[in-house]
Amino acid sequence: MVKPEEVDKAYEVAKQRYAEIGVDTDAAMKELEKVPLSVHCWQGDDIHGFLFPNQELTGGIGVSGNYPGIARTPDELAGDMHEALSLIPGKHRVQLHAIYAVTDKKRDLDTLEPEDFDYWIDWAKQEGVGLDFNGTFFSHPMVKDNMTVSSPDPKVRDFWIRHGKISREISNYIGEKLGSQVVNNFWFPDGFKDNPIDKKTPRLRLLKALDEIIKDPLPEKNTIESFEGKLFGTGIESYTTGSHEFYQNYAISRNKLWTIDAGHFHPTEDVSDKFSAFFPFGKGLFMHVSRPVRWDSDHVVIMDDALIRITRSLVRDGYLDRTHIGLDFFDATINRVAAWVVGARATQKSLLQAMLAPIDQLKKDELNADFTTRLIETEELKSFPFGAVWDKFCQDHNTPVGFDWMNNIHQYEKDVQFKRDAKLVH
């Protein structure tokens, strides 16, 4: 157990070190407090949801592993998320998918009603968190030949258009009930496994369907739409209908948000370089923080070089006020609550490290073409004691410091998760 006085002592040393280069550590921590993360619920139950809990995952999505303690009911998932949020400093948000509706009525994705999410609204009020939303356009019999809203079959298109419209109604309802804007994210798994002859027509169908989904205006104080592209997916390796370029252009032309998922790009692409190219034209971003490993796009987020570049760019260029940051990963080979906490704390640490820099001075050096000083300063900053500031941030928010939160996870496993039957509850 880390002693509070040890944290305070280390922080005072770090505070002085940073002050010598003109960085106010107290101000940096206050800035970090203002950045809520949108934590994704689907890590807790391997994307089963509660509408069709035993339905096979499709749409290029797969979860590996069978670590014990999976959440099987709304109460279990809510309990697991409460435990995770208690170990993440600050106040945050939670992302839902449409399949997490809680209702005793027979529903399909195109017949959901906003009241089917009252369970989560009541829980969010109790937790003091906001909610974000995602329509579920995968793992359903109406995904035909890897197509949803871009399908040549009008029955398939109409089904998913109805679901898209309903997802907007649900998001508006949640936002109204909570008094907090809901980001409603759209991702479609449409594409072709092998080379298509006609690359134009599916995208024209997609464009028409999207315009139909969003044609009725909704108050942005309640909800706003965001559109997420992808490089490729399992089963659509050769052609992704909703490519990055498509959705970037769509978001700009329709005054909506563009979703950048860090796991949806080629491994050699620098995702952080896209922000400054988009923001002069776009309304804002929904940043899905994930970690690609080879062909998988959704490993648990760690504080790696890619994440550090993402957070540095958002902080240094002042884009945080126009960026919603969400998590998006799933791993069933480890404790699922721990996965949430690892990913969220890694993202917060990366943001804090980016904030603990003499940004104005670095920009001045660059403007004066003093690249020698810029290089020296950025390299020396890497060994500055930002970890002591992070520990202080955790302590000030009554969350465990350092390795201590592992004890909470092990105790929660013993008392709650390991007592669950491995089978899903209908």
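Residues numbered from 1 in each chain as written. Predicted model: local features only at pLDDT ≥ 70, side-chain atom pairs only at ≥ 80, totals over all residues. Heavy atoms only, no water.

### A word on the environment of Ala306
Stage number 1. Locating Ala306 in the fold gives a position in helix 9 (residues 305-316).
Stage number 2. Distance from Ala306 to Glu269, taken between C-alpha atoms, is 9.7 Å for residues 37 residues apart in sequence. (Helix = DSSP H or I, 4+ residues; strand = E, 2+ residues; numbered from the N terminus.)

### Concerning the UniProt feature "binding site: Mn(2+)" (unreviewed entry) in the protein chain
Stage number 1. UniProt tags His264, Asp296 and Asp298 as "binding site: Mn(2+)" (unreviewed entry). Considering the C-alpha atoms alone, the annotated residues occupy 35 residues of sequence yet fold into one spot, their largest mutual distance being 9.0 Å. Restricting the annotated residues just mentioned to those that line the largest pocket leaves His264, Asp296 and Asp298.
Stage number 2. Within the secondary structure, His264 sits in the loop between strand 8 (257-261) and helix 8 (275-278).
Stage number 3. Excluding residues that lie within four positions of it along the chain, His264 makes contacts with Trp187, Glu228, Gly229, Lys230, Leu231, His244 and Ser297.
Stage number 4. There is a polar contact of 3.4 Å between the side chain of His264 and the side chain of Glu228.
Stage number 5. As for its position among the elements, Asp298 is in strand 11 (residues 296-299).
Stage number 6. Since its relative accessible area comes to 7%, Asp298 is described here as buried. (UniProt positions renumbered as here; feature names shortened; annotations may be inferred. 1 Å grid on protein atoms, 1.4 Å probe; cavity = no way out; pocket = protein on both sides within 12 Å on 5 of 7 lines; lining within 4 Å. Contact = heavy atoms within 4.5 Å. Polar contact = N/O pair within 3.5 Å; in protein donor to acceptor, adjacent residues only side chain to side chain. Buried < 20%, exposed > 50% of the residue type's maximum accessible area, 1.4 Å probe, protein only.)

### Describing a nonpolar patch on the surface
Stage number 1. Taken together, Leu231, Phe232 and Trp295 make up a surface patch of nonpolar side chains, about 350 Å² in accessible area.
Stage number 2. As for its position among the elements, Trp295 is in the loop between strand 10 (291-293) and strand 11. (Patch = residues over 30% accessible without salt bridge, like charges linked within 9 Å, V, L, I, M, F, W, Y side chains within 5 Å. Areas by Shrake-Rupley, 256 points an atom, 1.4 Å probe, with all protein chains shown as cover. Salt bridge = Lys/Arg side-chain N within 4 Å of Asp/Glu carboxyl O.)

### Looking at the layout of surface pockets
Stage number 1. Considering only enclosed or pocket space, the largest pocket measures out at about 670 Å³ in volume.
Stage number 2. In this structure, the largest pocket is lined by 41 residues; those nearest its centre are Lys230, Asp296, Ser297, Asp298 and Phe330.
Stage number 3. At the level of secondary structure, the elements contributing two or more residues to the lining of the largest pocket comprise strand 4 (182-186) and strand 11.
Stage number 4. Element by element, the count of residues in the lining of the largest pocket is highest for strand 11, at four residues. (Points joined across faces, edges and corners; volume = space filled by probe spheres on them.)

### Observations concerning the pairing of strand 11
Stage number 1. In this structure, strand 10 lies alongside strand 11, joined through two bridges in antiparallel fashion. Looking across to strand 11, one finds that Arg291 is bridged to His299.
Stage number 2. The antiparallel pairing of strand 10 with strand 11 creates a hairpin that spans two residues between the two strands, and Arg294 there sits at a positive phi of about 55 degrees. (Pairing = 2+ DSSP bridges.)

### Observations regarding the sheet that holds strand 1 (residues 37-40)
Stage number 1. The eight strands are arranged 1-2-3-4-6-8-9-12 in a closed barrel whose pairing can be described as parallel. Each neighbouring strand pair of the sheet contributes to a mean axis angle of 30 degrees, computed without reference to strand direction.
Stage number 2. Two strands pair when backbone bridges link them, and strand 1 and strand 12 (residues 323-327) are joined in this way by two bridges, in the parallel orientation. Paired with Leu37 across the strands is Ile325, a residue of strand 12. (Axes fitted to C-alpha atoms, helices over the stretch in contact; angles between N-to-C directions.)

### A short note on the packing of aromatic side chains
Stage number 1. Under the counting rule described, the total for this entry stands at 22 aromatic pairs.
Stage number 2. Clustering of aromatic rings is evident, with ring pairs tying together Phe137, Phe159, Trp160, Phe186, Phe188, Phe227, Phe246, Tyr247 and Tyr250. (Phe/Tyr/Trp six-rings, centres within 6.5 Å; stacked < 30°, edge-to-face > 60°.)

### Some remarks on unusual backbone geometry
Stage number 1. We note that Ile47 has phi near 60 degrees; this positive angle belongs to a residue other than glycine.
Stage number 2. Tracing the chain through its elements places Ile47 in the loop between strand 1 and helix 3 (74-85).
Stage number 3. The phi angle at Asn255 is positive, at roughly 60 degrees, despite the residue not being glycine.
Stage number 4. Secondary-structure assignment places Asn255 in the loop between helix 7 (244-254) and strand 8.

### Comments concerning the pattern of salt bridges
Stage number 1. What the rule picks out here adds up to 23 salt bridges.
Stage number 2. With a shortest N-O distance of 2.7 Å, Arg374 and Glu366 are connected by a salt bridge.
Stage number 3. Taking the relative accessible area as the measure of exposure, Arg374 reaches 29% and is therefore partly exposed.
Stage number 4. The exposure class assigned to Glu366 is partly exposed, which follows from its relative accessible area of 43%.
Stage number 5. Through salt bridges with shared partners, a single ionic network connects Arg72, Glu76, Asp80 and Arg420.

### Here we look at the packing of helix 9 against helix 10 (residues 336-355)
Stage number 1. At their nearest, the axes of helix 9 and helix 10 sit 8 Å apart, and the two run at 50 degrees to each other. The angle between helix 9 and helix 10 falls in the class oblique. In this structure, helix 9 meets helix 10 at a crossing whose hand is right-handed. Contacts from Leu307, Ile308, Thr311, Arg312 and Val315 in helix 9 reach Ala346, Thr347, Ser350, Leu351, Gln353, Ala354 and Met355 in helix 10.
Stage number 2. Considering only residue class, the contact of helix 9 with helix 10 consists of seven nonpolar, four polar and one charged. (Parallel < 35°, antiparallel > 145°, perpendicular 65-115°, else oblique. Left-handed = near helix turned anticlockwise from the far one by under 90°. Nonpolar A, V, L, I, M, F, W, Y, C, P; charged D, E, K, R; others polar.)

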